[in-house]
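Residues per chain, in single letters:
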There are 2 protein chains.
Amino acid sequence: MSKEIPYKIYLKEDEMPKQWYNVRAHMKNKPAPLLDAATGKALKVEDLSGVFCEELAKQELDNDTAYIDIPQEIIDFYKMYRPAPLVRAYCLEKYLDTPAKIYYKFEGNNTSGSHKLNSAIAQAYYAKKQGLKGVTTETGAGQWGTALSMACSYLGLDCQVYMVKVSYEQKPFRREVMRTYGANVTPSPSDKTQVGRKILAEHPGTGGSLGCAISEAVEAAVSQEGYRYVLGSVLSQVMLHQSIIGLESKLALDKYGEKPDIIIGCAGGGSNLGGLIAPFMGEKLRGEADYRIIAVEPASCPSFTRGTYAYDFCDTGAICPLSKMYTLGSSFMPAPNHAGGLRYHGMSTVLSQLYADGYMEATSRKQTEIFEAAEQFARVEGILPAPESSHAIRVAIDEAVKCRETGEEKTILFGLTGTGYFDMYAYEAFHDGKMENYELKEEEIAASIAKLPKVPGVNA
Amino acid sequence: MSKEIPYKIYLKEDEMPKQWYNVRAHMKNKPAPLLDAATGKALKVEDLSGVFCEELAKQELDNDTAYIDIPQEIIDFYKMYRPAPLVRAYCLEKYLDTPAKIYYKFEGNNTSGSHKLNSAIAQAYYAKKQGLKGVTTETGAGQWGTALSMACSYLGLDCQVYMVKVSYEQKPFRREVMRTYGANVTPSPSDKTQVGRKILAEHPGTGGSLGCAISEAVEAAVSQEGYRYVLGSVLSQVMLHQSIIGLESKLALDKYGEKPDIIIGCAGGGSNLGGLIAPFMGEKLRGEADYRIIAVEPASCPSFTRGTYAYDFCDTGAICPLSKMYTLGSSFMPAPNHAGGLRYHGMSTVLSQLYADGYMEATSRKQTEIFEAAEQFARVEGILPAPESSHAIRVAIDEAVKCRETGEEKTILFGLTGTGYFDMYAYEAFHDGKMENYELKEEEIAASIAKLPKVPGVNA
């Protein structure tokens, strides 16, 4: 190594990527198209543009353009909190006494506390450019809602967030951060929408669900002039925007002649993992390099490792299109799990295809194992990680320990998606020995898989 | 300007300061010595070293050494979260439509959420080097306790934190962050100390106070073999460690040929302000440059602007030595104010001397004005500021607006000490219009000033 590698590698602002990378362009087997649930027909841009704004509908269906220019306004916004540091985990390496070199890309140095802001600003920008008044969305734990509020505030766009009522009440801090950024936050179910009123009538006093909040946000978007609906994960457009994570990581590693052997990311809907691996996967698809790529999911919501590859609804409420993905079934209700961002029944259609084609691996871990890794990491690296991110930390530590045993000097890269400041109830349960691991039974998965939608000529 | 100034200036790791700067060395009028309250005699290193560890006792009394080497172990720890970015507030400038150039040094990019970590690691390091088992401290809102927990965890030192009981109960998140870093957090008053038991007997059910927590922490330090007490602000040693803030800021500005006209910092005990201004004040003291330096304090706790320059106890419990400072009286109880870090009756003895000698100005602002500035800043610069830091933002905005009116292109530098993630109840009160400004009456100040300690030959 000619240059000494610093603890943190920051690209210069003029080195930041000017284009997003669309991995779909280099996939031999393209991701399966979104289908209209009623007709079973593939959706076109015009079908999507009533819900999404025009440019995003195009990006959602673009399987061919490899590089897409990042508009200057988005680059300017990125400069507020990017480039994100690529950190050499010297302290963790020392603590683990491993010959492995560990790097992590830290996306938590912004007020939303995660990588979600990378796509929020893109989606808000295209909505603004189309002359819309505002956007609607749902949020569970609140990271996506916060990110979108920040982006809309910056652009002067109205932001309506439907927040799962139980989170709205239990996480007042997140709600207040969104209000600080001028968002209109409504506990869901609400009496603002037809679907909300219906659910309230049927289930008085309900704490709501993400599925219900999605339904309300979509209804709010299509029933108001000048509004569209936006979503923070799962979609291919989101993965495109998140490619900034991987592009910056690769540029930073290239500067020091480093090449990862193993790339690890947590996987919920797939936005972070897809973004982190994008340029590396591109090289792998083009046969230019090889990488071992590992998705880590919670044992209580294991769509890759125990799900089925089939067409399913993207949402619990079954109002969205059908997407072919690894799924536990859209009626699957994951057990209480503090990694709220990973509690999704399905997986990005792009990542699902790549996994089906053998380009990546997946593994699942139990909650207490995750928090053990989180605490170890916090104590030696100083950063308090989000439970979601800690899935990647767990497997990075495990791989580094294997290196200690075999003596191999592997280079490990993982994605540290965010911080855990708003997850302290979970840490408290862990400290007090009250955190439980839910043993997901085969029959539970079978029951929701049995309810997969039947679409003529698609699912059996 | 030959080089374009980026949004964020990060020094390279090898450019980071290798020495702290001790502004006392260049003061003509040295800060007044700490006095023993019983005898009125100036304290020496041997008097302090029963409470503080040896090296820190020396630093506390060293008025002569201008530059003190930062031990390599501390530099390595600093690399985990430093250099902190110097941010050019392009978005704020545009929003304010001002010809002023605004810079801020952001110290919130670490898990403790503030600059406190800069001194916590130094104090923990010297305790470890002296072969101590652990340290004790008090914490109110929890930022200092968190910083110390992180530092102790890294060095393998026991950390005992006495946390004001009402905060312990109302701020469970902060408490859990400290526990994540292995600290032993005790709600104060507790039955672990004599003074705690006495207070509990006299005031059953009390929520505690910072004064009481200090008393417990000091007792715990002196009554356990191998323990010392540490403090996060006010002390001259803390200001020395915090000089890293100003040194990095100056290096970053120098790289781009920039020179601030106005330097602004919030002032509670003075650790952040003293650290930010240190090298600039040094130039001013040596007659090499001139800067306008402004301390900003809350209207509800205005030690500089409405206090008296006199000897007073550093703590409410009157067990600590006497220090000459601008004070509202150690019996002064500030009204509820969400900027917990600025609720201190006195001020650093170093800054007090500099203020008395006319080297800096001070101003105070009301709470609602502070939160207006905080929200404006969050929306355009993306960072959610701590209420404490927002005092500096308020005055920076005011000065930039003056520049808009006069057309002057002044360069403004302010200290953004930390983030507000754990202050959302205060933001909520602000959003809901429930935040009140307390009008501090002259007779309240007079009443606590009347109780200043009478020391023969010192205070009248």
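Enquirer: Which residues make up the overall build of chain A, and what values do they have?
Expert: Along the backbone of chain A there are 18 helices and 15 strands. For a compact globule of 460 residues, the expected C-alpha radius of gyration is about 23 Å, and chain A comes in at 21 Å, within 12% of that figure. For chain A, the spread of C-alpha atoms along the principal axes amounts to about 65 × 50 × 50 Å. Within chain A, buried positions represent 66% of all 460 residues.

Enquirer: I'd like a rundown of the interface of chain B and chain A, residues and numbers included.
Expert: You'll often see interface size given as the accessible area lost when the parts meet. In this assembly, 42 residues from chain B lie in contact with 42 residues from chain A. A combined buried area of about 4,100 Å² lies between chain B and chain A, and 57% of that area is made up of carbon and sulfur atoms. For the interface between chain B and chain A, the tally reads four salt bridges. Across the pair B:Asp432 and A:Arg179 runs a salt bridge, and its minimum N-O distance is 2.8 Å. Put simply, chain B and chain A have 28 residue pairs in polar contact (both at pLDDT 80 or more) between them.

Enquirer: Give me the lowdown on helix H2 (residues 54–61) of chain B, citing residues and values where you can.
Expert: Residue and element names in this part refer to chain B. All of the buried residues along H2 are Leu56, Ala57, Gln59 and Glu60. When H2 is viewed along its axis, its buried side chains cluster within an angular range of 160° and face the same direction. Of the surrounding elements, those touching the buried residues of H2 are strand E2 (19–21), helix H1 (45–48), strand E3 (67–69), helix H5 (117–129) and helix H11 (236–255).

Enquirer: Tell me about the side chain of A:Ser49, residues and numbers included.
Expert: On the secondary structure map, A:Ser49 appears in the loop between helix H1 (45–48) and helix H2 (54–61). With sequence-adjacent residues up to four places away left out, A:Ser49 is seen in contact with A:Glu54, A:Ala57 and A:Arg228.

Enquirer: Which residues make up the sheet that holds strand E6 (residues 134–139) of chain B, and what are the values?
Expert: Neighbouring strands of a sheet are bound in pairs by backbone hydrogen bonds; such pairs are parallel or else antiparallel. Residue and element names in this part refer to chain B. Strand order across the open sheet formed by four strands is E8-E7-E6-E9, with parallel pairing between neighbours. Either end of the sheet is taken by a strand with one partner, and the two such strands are strand E8 (184–188) and strand E9 (227–229). Sheet twist, expressed as the average angle between the axes of neighbouring strands with direction ignored, equals 25°. Relative to E8, strand E7 (residues 158–164) is paired through five bridges, and the arrangement is parallel. Residue pairing for E8: Gln160 is matched across the bridge by Asn184. Its contacts with the sheet place helix H8 (residues 172–180) against E6, E7 and E8, and it is angled at close to 170° to E7. Most of the contacts of helix H10 (residues 210–223) go to E6, to which it runs at about 170°, and overall it touches E6, E7, E8 and E9.

Enquirer: Quick rundown of the environment of A:Gln59? Include the residues and the values.
Expert: All names here are of chain A. Tracing the sequence through the fold places Gln59 in helix H2. Taking the C-alpha atoms as reference, Gln59 lies 9.2 Å from Asn22; in sequence the two are 37 residues apart. Setting aside chain neighbours within four positions, we find Gln59 in contact with Trp20, Arg24, Ile68, Tyr126, Gln237, Leu240 and His241.

Enquirer: So, the pattern of salt bridges: which residues are in play, and what are the values?
Expert: Per the counting criterion, the structure on display carries 50 salt bridges over all chains. The residue A:Glu248 makes a salt bridge to A:Arg82 at a minimum N-O spacing of 2.9 Å. Of the two residues, A:Glu248 sits in helix H11 (residues 236–255) while A:Arg82 sits in the loop between helix H3 (72–81) and strand E4 (86–88), which places them 166 residues apart along the sequence. When the shortest N-O distance is used, the salt bridge between B:Glu442 and B:Arg306 registers 3.0 Å. Linking B:Glu442 in helix H18 (residues 442–449) with B:Arg306 in helix H13 (residues 303–306), this pair joins segments that are 136 residues apart in sequence. Each of the salt bridges in this network shares a partner with another, and the network as a whole consists of A:Arg175, A:Glu176, A:Arg179, B:Glu428 and B:Asp432.

Enquirer: Mind laying out the relation of the copies chain B and chain A, listing which residues take part and the relevant values?
Expert: Relating one copy of the chain to the other requires a rotation about an axis plus a shift along that axis. When chain B is brought onto chain A, the operation consists of a screw motion whose angular component is 180° and whose axial shift is 0.0 Å, with 0.0 Å RMSD remaining. Such a combination of turn and shift is consistent with a two-fold rotation axis. If distances are taken from each C-alpha of chain B to the rotation axis, the shortest is found for B:Asn109, at 3.2 Å.

Enquirer: Describe the confidence of the model for chain A, and please don't skip the residues or the numbers.
Expert: Here chain A shows a mean pLDDT of 93. Residues at 70 or above account for 98%. Two summary scores accompany this predicted model of the complex, namely pTM at 0.95 and ipTM at 0.92.

Enquirer: Summarise helix H16 (residues 387–406) of chain B; cite the residues concerned and give the values.
Expert: Residue and element names in this part refer to chain B. Between its first and last C-alpha atoms H16 spans 29 Å; for 20 residues at 1.5 Å apiece the expected length is 28 Å, and the two agree. Burial runs high along H16: 15 of the 20 residues are buried. Phi turns positive one or two residues past the end of H16, at Gly407, with a value near 80°.

Enquirer: Pulling in residues and values, what's your account of the packing of aromatic side chains?
Expert: Residue and element names in this part refer to chain A. As enumerated under the stated definition, the model contains 41 aromatic pairs over all chains in all. Judged by centre distance (6.0 Å) and plane angle (70°), the ring pair of Phe77 and Tyr81 falls under edge-to-face. Taken together, the positions of Phe77 and Tyr81, both in helix H3 and four residues apart, correspond to about one turn of that helix. Judged by relative accessible area, which is 1%, Phe77 ranks as buried.

Enquirer: Any chance you could break down the environment of A:Met27 for me, citing the residues and the numbers?
Expert: Residues and elements named next belong to chain A. Considering the arrangement of structural elements, one finds Met27 in the loop between strand E2 (19–21) and H1. Using a relative accessible area of 4% as the deciding quantity, one classes Met27 as buried. As for Met27 and Gln353, which are separated by 326 residues in sequence, their C-alpha atoms are 9.0 Å apart.

Enquirer: Go over the sheet that holds strand E5 (residues 101–106) of chain B with me, naming the residues and quoting the values.
Expert: Residue and element names in this part refer to chain B. An order of E1-E4-E5-E15-E10-E11-E14 is seen for the seven strands of this open sheet, with the pairing classed as mixed. Lying at the two open borders of the sheet, with one neighbouring strand each, are strand E1 (8–9) and strand E14 (361–365). Bridging between strand E10 (residues 262–266) and strand E15 (residues 411–416) involves three bridges; their strand directions are parallel. Across the sheet, the residue bridging to Ile262 is Ile412, located in E15.

Enquirer: Tell me about unusual backbone geometry, and name the residues and values.
Expert: In this structure, A:Pro189 follows A:Ser188 across a cis peptide bond, with omega equal to 5°. Within the secondary structure, A:Pro189 is located in the loop between strand E8 (184–188) and helix H9 (194–202). Here B:Arg82 and B:Pro83 are connected by a cis peptide whose omega angle stands at -5°. You can see B:Pro83 is positioned in the loop between helix H3 (72–81) and strand E4 (86–88).

Enquirer: Describe the packing of H3(A) against helix H6 (residues 143–155) of chain A, with residues and values.
Expert: All names here are of chain A. Closest axis-to-axis distance for the H3/H6 pair is 12 Å, and the angle between their directions is 125°. The angle between the axes of H3 and H6 places the two elements in the oblique class. In the packing of H3 onto H6, the handedness of the crossing is right-handed. Residues Asp76, Phe77 and Met80 of H3 pack against Met150, Ala151 and Tyr154 of H6.

Enquirer: Could you give me a rundown of the packing of H11(A) against helix H12 (residues 271–285) of chain A, with the residues and numbers involved?
Expert: Residue and element names in this part refer to chain A. Their axes nearest at 6 Å, the elements H11 and H12 cross at an angle of 55°. Here H12 runs oblique to H11, going by the angle between their axes. Crossing hand, H11 versus H12: right-handed. Touching Val238, Met239, Gln242, Ser243, Ile245, Gly246, Leu247, Ser249, Lys250 and Leu253 of H11 are Ser271, Asn272, Gly274, Gly275, Leu276, Ala278, Pro279, Phe280 and Glu283, all from H12. Looking at the contact of H11 with H12 residue by residue, the classes come out as nine nonpolar, eight polar and two charged.

Enquirer: Residues and numbers for the pairing of E7(B), please.
Expert: All names here are of chain B. Judged by how many residues are buried, E7 sits mostly within the fold: six of seven residues are covered. The sheet contact formed by E6 and E7 spans six bridges and is parallel. Paired with Thr137 across the bridge in E7 is Val161. With helix H6 (residues 143–155) bridging E6 and its parallel neighbour E7, the resulting β-α-β unit is right-handed.

Enquirer: Could you give me a rundown of the side chain of B:Ser167, with the residues and numbers involved?
Expert: Secondary-structure assignment places B:Ser167 in helix H7 (residues 165–170). Ignoring any residue separated from it by four or fewer positions in sequence, one finds B:Ser167 in contact with B:Gly140 and B:Ala141.

Thresholds, definitions, all that
Residues numbered from 1 in each chain as written. Chains lettered and ligands numbered in written order. Predicted model: local features only at pLDDT ≥ 70, side-chain atom pairs only at ≥ 80, totals over all residues. Heavy atoms only, no water. Helix = DSSP H or I, 4+ residues; strand = E, 2+ residues; numbered from the N terminus. Rg over C-alpha atoms; globule rule 2.2 N^0.38 Å. Buried < 20%, exposed > 50% of the residue type's maximum accessible area, 1.4 Å probe, protein only. Contact = heavy atoms within 4.5 Å. Buried area = accessible area lost by both parts, 1.4 Å probe. Salt bridge = Lys/Arg side-chain N within 4 Å of Asp/Glu carboxyl O. Polar contact = N/O pair within 3.5 Å; in protein donor to acceptor, adjacent residues only side chain to side chain. Arc of directions from axis to C-beta. Pairing = 2+ DSSP bridges. Axes fitted to C-alpha atoms, helices over the stretch in contact; angles between N-to-C directions. Least-squares fit on C-alpha atoms with pLDDT ≥ 70 in both. pLDDT = per-residue confidence, 0-100. Expected span 1.5 Å × (residues − 1). Phe/Tyr/Trp six-rings, centres within 6.5 Å; stacked < 30°, edge-to-face > 60°. Parallel < 35°, antiparallel > 145°, perpendicular 65-115°, else oblique. Left-handed = near helix turned anticlockwise from the far one by under 90°. Nonpolar A, V, L, I, M, F, W, Y, C, P; charged D, E, K, R; others polar. Right-handed = clockwise from strand over helix to strand, strands pointing away.

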